[in-house]
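Listed below are the residues making up each chain.
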Amino acid sequence: MKEEGLVIKPFVKKNIQPSSYDLLLGGEIRVFDNYKEGFIDVRKKVDVTRVVKVGKEGFVIHPGELVLGSTKEYFEIPGGLCGKLEGRSSLGRLGLVIHATAGFVDPGFKGWLTFEIGNLSRLPIKIYKDMRVAQICFIKMSSVPERLYGSSLNGNKYQGQKGPTASRYWGDFKNKK
């Protein structure tokens, strides 16, 4: 970590695995309020989610439901590394998935990682704040990219995000005709 300039806060030594680092679920879940809109138009800045605090009683994810969560850990990924986010096998065997597509963490990213948590099983699954819910492995780049994540030239939308962050896909249409 010191050699590459990787920052993980809080860093917990017991979360180091042979080829990855275990990640904890933060204390907030972003749920979808499907009654707010008839559909989602990806070109429009519309947030159909709200944040729910995860108490000691946990949070139940129903079959077929998707919620957003985030890491308890804050990251600063240096230019010489990238990260690969994955779920934990024990949770996957229960039907809990941690990301739909956002499994890659670019060099230069700073912030908390958002999980796209889904329940693929036929039974509700209860999750808890601070549980080990995912893992990240780091891959050394052959060279530092010309443009790191967060560069104004990249059009990145999530630099510095905190907590479960709703989609900002509408930003891809900004300034387009």
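Please refer to the structure higher up on the page.
Model, not experiment: these values are computed from the prediction. (Residues numbered from 1 in each chain as written. Predicted model: local features only at pLDDT ≥ 70, side-chain atom pairs only at ≥ 80, totals over all residues. Heavy atoms only, no water.)

Now, about unusual backbone geometry: what can you tell me, with residues and values included?
Cis geometry is adopted by the peptide bond preceding P10, which originates at K9 and carries an omega value of -5 degrees. Relative to the helices and strands, P10 is located in the loop between strand 1 (7-9) and strand 2 (21-24). Its identity as a non-glycine residue notwithstanding, D130 has a phi of 70 degrees, on the positive side. As for its position among the elements, D130 is in the loop between strand 11 (125-127) and strand 12 (132-140). Looking at D130, the relative accessible area reads 34%, which means it is partly exposed. (Helix = DSSP H or I, 4+ residues; strand = E, 2+ residues; numbered from the N terminus. Buried < 20%, exposed > 50% of the residue type's maximum accessible area, 1.4 Å probe, protein only.)

Residue-level account of the pattern of salt bridges, with values.
What the rule picks out here adds up to nine salt bridges. In this structure, the salt-bridge partner of R132 is D22, at a minimum N-O distance of 2.7 Å. Residue R132 is located in strand 12, and its partner D22 is located in strand 2; the two are separated by 110 residues in the primary sequence. Take D22: its relative accessible area is 2%, and that puts it in the buried class. Across the salt bridge formed by K53 and E28, the nearest N and O atoms sit 2.7 Å from each other. You can see K53 sitting in strand 4 (residues 49-53) and its partner E28 sitting in strand 3 (residues 28-32), a full 25 residues away along the chain. E28 gets classed as partly exposed once you look at its relative accessible area, which sits at 25%. (Salt bridge = Lys/Arg side-chain N within 4 Å of Asp/Glu carboxyl O.)

How would you explain the environment of G79 if you had to name every residue and give the values?
If you trace the backbone, G79 turns up in the loop between strand 6 (66-76) and strand 7 (81-87). Note: C-alpha distance between G79 and G108 (29 residues apart in sequence) is 5.5 Å.

Before we move on, can you summarise the nonpolar core with the specific residues and values?
Counting residues in hydrophobic clusters, the biggest one holds 31 residues, and the most contacted among them are L23, F59, F115, I117 and I127. Those residues in contact with F115 that lie beyond four places of it in its chain are L23, L24, L25, V67, L68, G69, S70, T71, L85, I98, V133 and A134. (Core = buried A, V, L, I, M, F, W, Y, C linked by side-chain atoms within 4.5 Å. Contact = heavy atoms within 4.5 Å.)

Got a sec to walk through the sheet that holds strand 7? Specific residues and values, please.
On the basis of which strands lie adjacent, the open sheet formed by four strands has the order 2-12-7-9 and antiparallel pairing. Strands at the two margins of the open sheet, each flanked by one partner only, are strand 2 and strand 9 (104-105). Bridge analysis of strand 2 against strand 12 gives four bridges, and the strand direction is antiparallel. In the strand pairing of strand 12, L24 is matched with R132. (Pairing = 2+ DSSP bridges.)

Describe the environment of G150, naming the residues involved and giving the relevant values.
Assignment of secondary structure puts G150 in the segment after strand 12. Filtering out sequence-adjacent residues up to four positions away, G150 remains in contact with N156 and Q159.

Which residues make up the side chain of R30, and what are the values?
Along the chain, R30 turns up in strand 3. Overall, R30 belongs to the buried group, its relative accessible area being 14%. A distance of 2.9 Å separates a polar side-chain atom of R30 from the backbone oxygen of P164. Each residue touching R30, except ones within four places of it in the same chain, is listed here: D47, T49, R50, V51, V67, L68, P164, T165 and A166. (Polar contact = N/O pair within 3.5 Å; in protein donor to acceptor, adjacent residues only side chain to side chain.)

Tell me about the side chain of Q161, and please be specific about residues and values.
You can see Q161 is positioned in the segment after strand 12. Here W112 takes part through its backbone oxygen, which lies 2.7 Å from a polar atom of the side chain of Q161. Beyond its immediate stretch of four places on either side in the chain, Q161 contacts F109, K110, G111, W112, L113 and T114.

So what about the packing of aromatic side chains? Which residues, and what values?
Across all of its chains, the model carries four aromatic pairs by this definition. Look at F11 and Y21: their rings are 5.4 Å apart centre to centre, the planes differ by 15 degrees, and that puts the pair in the stacked class. Remark: Y21 occurs in strand 2 and F11 occurs in the loop between strand 1 and strand 2; sequence separation between them is 10 residues. (Phe/Tyr/Trp six-rings, centres within 6.5 Å; stacked < 30°, edge-to-face > 60°.)

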